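Working through the structure, step by step
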Amino acid sequence: PRCGSADDADNGICVFGKPGGTKRIALYGDSHADQLFDGMDAAASMAGWEFRQWVRGGCTPIDFENDDAGCTQFHSTVYDRIAAYRPDLIVVTSANAGSVHLHEANTGRPFGRERSQAIWKAGFGRVLDRLRGMGGQVVVVRDTPTPIKSMGSICLETREPTDCATPRSDAFPDGTPDIDVAFTSPAIGLLDLSDEFCDGKSCPAMKDGLIVYRIDDHHITATMSLRLAPRFVGLLKSLP
């Protein structure tokens, strides 16, 4: 497995981009952050930045008491690691789908869509405030479009690519809670990569000959992640 646990990035092996580069990047979040690894690593190498990541599947970077996946300790450790690392740039992203599925820690009772997303936004905002206090620029990368049916390689094996596309209007079924929170603070940057995945009408499963999604239908492929590298380079060059 790729390095990225709370401790891995401190063992001297899990350093990417250009180790010892004059500037440092930290990538933090759940598996939707991890899916950006290949593009971020390539961009860091091209720009001469050192790159480390702290990611854990299912551990959305929100400040919330429910600890189903054992995430509370992970986040606490990561905050210490990032603060010690002192990155020039902290990139944060997560799956928006979890924003509508929060539930009470003790009873397991779902909060309901509206209340769940309000709690998620508040928790995400507290995390961004905390990261902002660590000195570097904090940038939220908007979550990737979500296919509404089987859009991975299985679909492409049995159907025409046009049959596997998602209408752009349906590609963000859980709204834009990450953007909503990022917009509340002028100190938080936002990188929206949606146009890399979608045209004005749809978000295809194959773009310029590249398969966009893995077989699980909501994580992008490594080749698609690499396609995003120029956008990440642009982000790095835009920083002082």
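So, a few notes on the structure that sits alongside this text. (Residues numbered from 1 in each chain as written. Predicted model: local features only at pLDDT ≥ 70, side-chain atom pairs only at ≥ 80, totals over all residues. Heavy atoms only, no water.)

Angle between the axes and distance between the axes: these two values describe a pair of packed helices. Axis separation between helix α2 (residues 37-47) and helix α9 (residues 229-238) bottoms out at 8 Å; the angle between their running directions is 50°. The orientation of α2 relative to α9 falls into the category oblique. Judged by the twist between their axes, the crossing of α2 over α9 is right-handed. Here α2 contributes G39, M40, A42, A43, A44, M46 and A47 to the contact with α9, which in turn contributes A229, F232, V233 and L236. Across the contact of α2 with α9, the residue classes break down as ten nonpolar, one polar and no charged. (Axes fitted to C-alpha atoms, helices over the stretch in contact; angles between N-to-C directions. Helix = DSSP H or I, 4+ residues; strand = E, 2+ residues; numbered from the N terminus. Parallel < 35°, antiparallel > 145°, perpendicular 65-115°, else oblique. Left-handed = near helix turned anticlockwise from the far one by under 90°. Contact = heavy atoms within 4.5 Å. Nonpolar A, V, L, I, M, F, W, Y, C, P; charged D, E, K, R; others polar.)

Between the first and last C-alpha of helix α3 (residues 71-85) there are 21 Å, a value that for 15 residues agrees with the 21 Å anticipated at 1.5 Å per step. Among the residues of α3, those classed as buried are C71, F74, H75, T77, V78, Y79, I82 and Y85. Packing partners of the buried residues in α3 comprise β2 (23-29), β3 (49-55), β4 (89-93) and α4 (113-132). A positive phi of about 55° marks R86, the residue just after α3. (Expected span 1.5 Å × (residues − 1). Buried < 20%, exposed > 50% of the residue type's maximum accessible area, 1.4 Å probe, protein only.)

When the charged atoms of two side chains lie near each other, side chains of opposite charge can form a pair. Enumeration over the complete set of coordinates arrives at nine salt bridges. Between R113 and D174 there is a salt bridge; the shortest N-O distance is 3.9 Å. With a gap of 61 residues between them, R113 in helix α4 and D174 in the loop between β6 (166-167) and α6 (177-182) connect regions that are remote in the sequence. For R113, a relative accessible area of 47% translates into the label partly exposed. The class of D174 is buried, set by a relative accessible area of 12%. As a salt-bridge pair, R132 and D129 come within 3.2 Å of each other at their nearest N and O atoms. With R132 and D129 both in helix α4 and three residues apart, the pair spans about one turn of that helix. (Salt bridge = Lys/Arg side-chain N within 4 Å of Asp/Glu carboxyl O.)

Going through the model one piece at a time under the given rule, you end up with seven aromatic pairs. Centroid distance F16 to F37: 4.8 Å. Interplanar angle 85°. Geometry classified as edge-to-face. You can see F16 sitting in strand β1 (residues 16-17) and its partner F37 sitting in helix α2, a full 21 residues away along the chain. For the pair formed by F16 and F37, the shared burial category is buried. Taken together, a centroid distance of 5.7 Å and an interplanar angle of 65° make the contact between W54 and Y85 edge-to-face. In this pair, W54 is assigned in strand β3 and Y85 in helix α3, connecting sequence segments 31 residues apart. A relative accessible area of 0% places W54 in the buried class. The residue whose ring lies beneath R142 is F172, and the NZ or CZ to ring-centre distance is 3.9 Å. (Phe/Tyr/Trp six-rings, centres within 6.5 Å; stacked < 30°, edge-to-face > 60°. Lys NZ or Arg CZ within 6 Å of the ring centre and 35° of its normal.)

Interpretation in functional terms is not warranted from these geometric data alone.
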